[in-house]
Amino acid sequence: MLRLQRLRRLAGASCLLRRRSATWRSSTKNASFSEVLQLEDTKLTGVVFPLQGLERYLAPGVNTASFRIFNPGLDHIHRAEALFKPSGRHVIDYVSSAVRMDHAPQLSQPEVCFVGRSNVGKSSLIKALFSLAPDVEVRVSKTPGHTKKMNFFKVGKYFTLVDMPGYGYRAPQDFADMVEAYLQERQNLKRTFLLVDSVVGFQKADHIAIEMLEEFGIPYVFVLTKIDKAPKGLLVKNVLEIQDFAEKHTQGCFPQLFPVSSIEYSGIHLLRCFIAHVTGNLPMMNS
Ligand SMILES: Nc1nc2c(ncn2[C@@H]2O[C@H](COP(=O)(O)OP(=O)(O)OP(=O)(O)O)[C@@H](O)[C@H]2O)c(=O)[nH]1
Ligand SMILES: [Mg+2]
């Protein structure tokens, strides 16, 4: 697809954005894995492995093999958490922001980035991932189009997380220039997380972003956000649709979706573990 055409479509595609905004409840309950381990089994599964927690709502016979492709043990999840906790010389911090690639910090450590429609919950997800490092400031807002720059956060010497501006409604003018260039040029980019809102499911702008990631041939994975907000039936429908799409219509997408709630911390511990894994920081894992 012509770059300019995609640029316009990504920046301008008006989506069915829900204006009904959620208030940010800054609960720290279940932020740490040791707290989660105190939960009874069903609740623990729901918080740590939200996909598996949904299995009981599925019709008999639905194939759930792809729900467990990345299926670490609790010990791996615990080990991964240590990377997200600052200690001694292990510093987690905001590095800098950039609107152009030549302003992006020169970092050689593995990197992952978070993309998705404005307001889908990218910054909130990063804030939840960093909830054990409360000094790290990640700004979230109920107003779509809040994040205007690429924001780089360094997790010690291990990896970098990048919070991207959103596409679609109120995307920054230079969105596509900045994000396309980043995705194409960033040598140390190990995985792109494409966030989809669990209440609204795939939107037109998401398909444009998927097309772009497929065209660039870079590995990506879907994250389903705000699962605390979606009624169970709708959540299950969107989960199955996205899993099916990833399996049948993509090349570069990891075939397991990661559902999360940045408010209740569901899926956050597993996602920390996946990030540690894809950045090469859990060498004992072979899944
Ligand atoms: N209920 C609920 N609300 C959430 C969750 N994650 C984010 N939100 C809310 O969604 C709104 C947008 O969150 P942000 O994290 O700023 O979204 P963003 O994708 O970074 O948005 P832009 O920077 O504008 O692209 C805020 O009002 C958040 O409180 C979640 O897991 N559950
Ligand atoms: Mg943001």
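Since this is a predicted model, take the numbers as computed values, not measurements. (Residues numbered from 1 in each chain as written. Chains lettered and ligands numbered in written order. Predicted model: local features only at pLDDT ≥ 70, side-chain atom pairs only at ≥ 80, totals over all residues. Heavy atoms only, no water.)

Moving on: the overall build of the protein. Per the secondary structure count, the protein includes 10 helices and 7 strands. Per-residue burial over the protein gives 57% buried out of 287 residues. Total accessible area on the protein stands at roughly 13100 Å², and carbon and sulfur atoms take up 50% of it. (Helix = DSSP H or I, 4+ residues; strand = E, 2+ residues; numbered from the N terminus. Buried < 20%, exposed > 50% of the residue type's maximum accessible area, 1.4 Å probe, protein only. Areas by Shrake-Rupley, 256 points an atom, 1.4 Å probe, with all protein chains shown as cover.)

Moving on to helix H9 (residues 232–249). The terminal C-alpha atoms of H9 lie 25 Å apart, and with 18 residues this matches the ideal 26 Å at 1.5 Å per residue to within 8%. Of the residues making up H9, those classed as buried are Leu 235, Val 236, Asn 238, Val 239, Ile 242, Gln 243, Phe 245 and Ala 246. Of the surrounding elements, those touching the buried residues of H9 are helix H4 (50–53), strand E5 (189–197), helix H8 (204–216) and strand E6 (220–225). (Expected span 1.5 Å × (residues − 1). Contact = heavy atoms within 4.5 Å.)

It is worth spelling out the coordination of the magnesium ion (ligand 2) at this point. Each angle at a metal carrying four tetrahedral donors should ideally be 109.5 degrees, and each at a metal carrying six octahedral donors should ideally be 90 or 180 degrees. Those protein atoms acting as donors to the magnesium ion (ligand 2) are Ser 123 (OG) and Thr 147 (OG1), and they sit at 2.0 to 2.1 Å. In this pair, Ser 123 is assigned in helix H6 (residues 122–129) and Thr 147 in the loop between H6 and strand E3 (150–155), connecting sequence segments 24 residues apart. You can call Ser 123 buried: its relative accessible area is 9%. (Donors = N, O, S within 2.8 Å, 3.2 Å for Na, K, Ca; no water.)

Another aspect to go through is the site of ligand 1. Neighbouring residues of ligand 1: 25 residues in total, closest Lys 122, Ser 124, Gly 145, His 146 and Thr 147. At 2.6 Å, a backbone N or O of Gly 145 approaches an oxygen atom of ligand 1. The class makeup of the residues in the shell around ligand 1 is 6 nonpolar, 13 polar and 6 charged. (Near = heavy atom within 4 Å. Polar contact = N/O pair within 3.5 Å; in protein donor to acceptor, adjacent residues only side chain to side chain. Nonpolar A, V, L, I, M, F, W, Y, C, P; charged D, E, K, R; others polar.)

The next subject is H6. With 7 of 8 residues buried, H6 is to be regarded as a mostly interior element. For H6, the complete set of buried residues consists of Lys 122, Ser 123, Ser 124, Leu 125, Ile 126, Ala 128 and Leu 129. Residues of H6 that are buried make contact with strand E2 (111–116), E3, strand E4 (159–163), E5, E6 and helix H10 (268–278).

With that out of the way, let us pick up the environment of Val 47. Along the polypeptide, Val 47 turns up in helix H3 (residues 41–48). For Val 47, a relative accessible area of 5% corresponds to the buried category. For the pair Val 47 and Ser 118, spaced 71 residues apart in sequence, the C-alpha separation works out to 25 Å. Setting aside residues up to four positions removed in sequence, Val 47 forms contacts with Asn 30, Val 36, Leu 39, Tyr 265, Ser 266, Gly 267 and His 269.

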